[in-house]
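Chains, contacts and geometry: an overview
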Amino acid sequence: MFNFFKSKKKQPEHTGQTEEALEKSNAADDVVGEERSSQSSQSESAQTAQSVSSPDSQTQKASSPLGFAGKIRLGLTRTRQNLGKQLSGLFGGGGKIDEDLYEELETILLTADTGVSATTQLLEDLRIQVKKKGLTEAADLKAALKKSLVDMLKPLERPLDTTSNKPFVIMITGVNGVGKTTSIGKLAKYFQAQGQSVLLAAGDTFRAAAREQLIAWGERNEVTVIAPDSDPSKKSDPAAVIFDAINAAKARGIDIVLADTAGRLTTQLHLMEEIKKVKRVIAKAMPDAPHEVLLVLDANTGQNAVTQVKAFDEALDVTGLILTKLDGTAKGGVVAAIRGQYPETPPALRFIGVGEGVDDLRPFNAEEFVDAVFD
């Protein structure tokens, strides 16, 4: 029923077929993506296809001379050019701290997708700092805002610990087009760099070429992929695919299982019920699994990302988030918006995507993120 794919370094015929399927898959993902430009979609599709046929290009990207913080700063260039320069213009005009300044700052934050709740919290904290420190100059607010942002986002900064179980099962979910399958490929590379073995479960049995796309990532990272039968006339149960993958991982002593699932809109109640079933079946394969439920969000969707967090959390008890495509948006405030909706127990923002390279999925660090946003 299921196919086991063990990547090999030289498979020219299979790689060529996979490259074609991967291009189709990426094209399908980009069409579904809500606010991504066609030029960006073509660029990503071409880049991904090239990486399948040219592993050396990915190796070069992975060995980029840019450091960890440098990658994040480069990836957030558009956000910094927009939000950062607006803030610098506001604070660098030599004015005084007054109500007009607060109103202008409120407008800038709201238009950056920060959200009403987070914006209100930030302004309240700024007023407290101004009063406590006796600040009077607009220029003094820049450092104060950076501190407020870091303090607000710090609770989201909780690195993922995968050492508690073996295999450690991570279930990946999200709406259509957010980049789940691509994120899985990048996660596989990240965990491999930490010396952990990885197995991929192709649980997205609905999207065209999703199977082939994940197999391509498996070949690129040289990891095994458990995938459904390639015969389109044979409909595979996604829960059964993941169940089989977990058993295979246990038998082989694999450290990490990354389970892909089909994208679904939060308004499609029958599909949300189906994803609950997938989670229940995973628990049958391993009683305490999944050990992590990662929700992938597209930063370009702005406030809609907050709605997605609520819906998937209610269905699956989401334990962590991956925020993708931050390099493609000039509105980085969505990170604060998510935090603003969870003042008591915010979800962990495990990773942020700041580029298309295989090593551009980075663990979230509040201070580095805020430093990268400001001009």
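Below: a short report on this structure. (Residues numbered from 1 in each chain as written. Predicted model: local features only at pLDDT ≥ 70, side-chain atom pairs only at ≥ 80, totals over all residues. Heavy atoms only, no water.)

Things to note about the overall build of the protein chain
Rules: Secondary structure elements follow DSSP: runs of H or I of four or more residues count as helices, runs of E of two or more count as strands, with numbering from the N terminus. Buried, partly exposed and exposed residues are distinguished by accessible area as a fraction of the type maximum, computed with a 1.4 Å probe on protein chains only: under 20%, between the cut-offs, and over 50%, respectively. When checking whether two residues touch, look at their non-hydrogen atoms; a contact exists if any pair is within 4.5 Å. The protein chains shown are the only cover counted for residues, whose accessible areas, like all others here, come from Shrake-Rupley with a 1.4 Å probe.
Of regular secondary structure, the protein chain possesses 15 helices and nine strands. A buried classification covers 55% of the 375 residues belonging to the protein chain. A fraction of 78% describes how many contacts in the protein chain between residues 6 or more apart in sequence connect residues 24 or more apart. A total accessible area of about 16100 Å² is found for the protein chain, and carbon and sulfur atoms account for 51% of it.

Things to note about the packing of aromatic side chains
This is how it is decided: Each Phe, Tyr or Trp ring (for Trp, its six-membered ring) is paired with any other whose centre lies within 6.5 Å, and the angle between the two planes then decides the class: stacked below 30 degrees, edge-to-face above 60, tilted in between. Criterion for a charge above a ring: Arg CZ or Lys NZ at most 6 Å from the ring centre, at most 35 degrees from the ring normal.
Summed over the entire model, instances satisfying the criterion amount to three aromatic pairs. With a centroid separation of 5.1 Å and 80° between ring planes, the pair formed by Tyr190 and Phe351 is classed as edge-to-face. Of this pair, Tyr190 sits in helix H9 (residues 180-193) while Phe351 sits in strand E8 (residues 348-353), and the two are 161 residues apart along the sequence. Geometrically, the ring pair formed by Phe364 and Phe369 is tilted, given 5.7 Å between the ring centres and 55° between the ring planes. Among the residues examined, Phe364 registers a relative accessible area of 4% and is labelled buried. Residue classification places Phe369 among the buried positions, given a relative accessible area of 4%. By way of ring pairs, the aromatic residues Tyr190, Phe191 and Phe351 are connected into one cluster. A cation over a ring is seen here: Arg127 above Tyr102, with NZ or CZ 4.1 Å from the ring centre.

Things to note about the side chain of Gln308
With respect to the helices and strands, Gln308 occurs in helix H13 (residues 304-316). Beyond its immediate sequence surroundings of up to four residues, Gln308 is in contact with Val175, Thr266, Leu295, Leu297 and Thr301.

Side note on unusual backbone geometry
Along the chain, Lys166 connects to Pro167 via a cis peptide bond; the corresponding omega equals -5°. Cis geometry is adopted by the peptide bond preceding Pro290, which originates at Ala289 and carries an omega value of -5°. Within the secondary structure layout, Pro290 lies in the loop between helix H12 (269-285) and strand E6 (292-298). A positive phi angle, close to 60°, is found at Lys325, a residue other than glycine. Relative accessible area serves as the criterion here: at 12%, Lys325 is assigned to the buried category.

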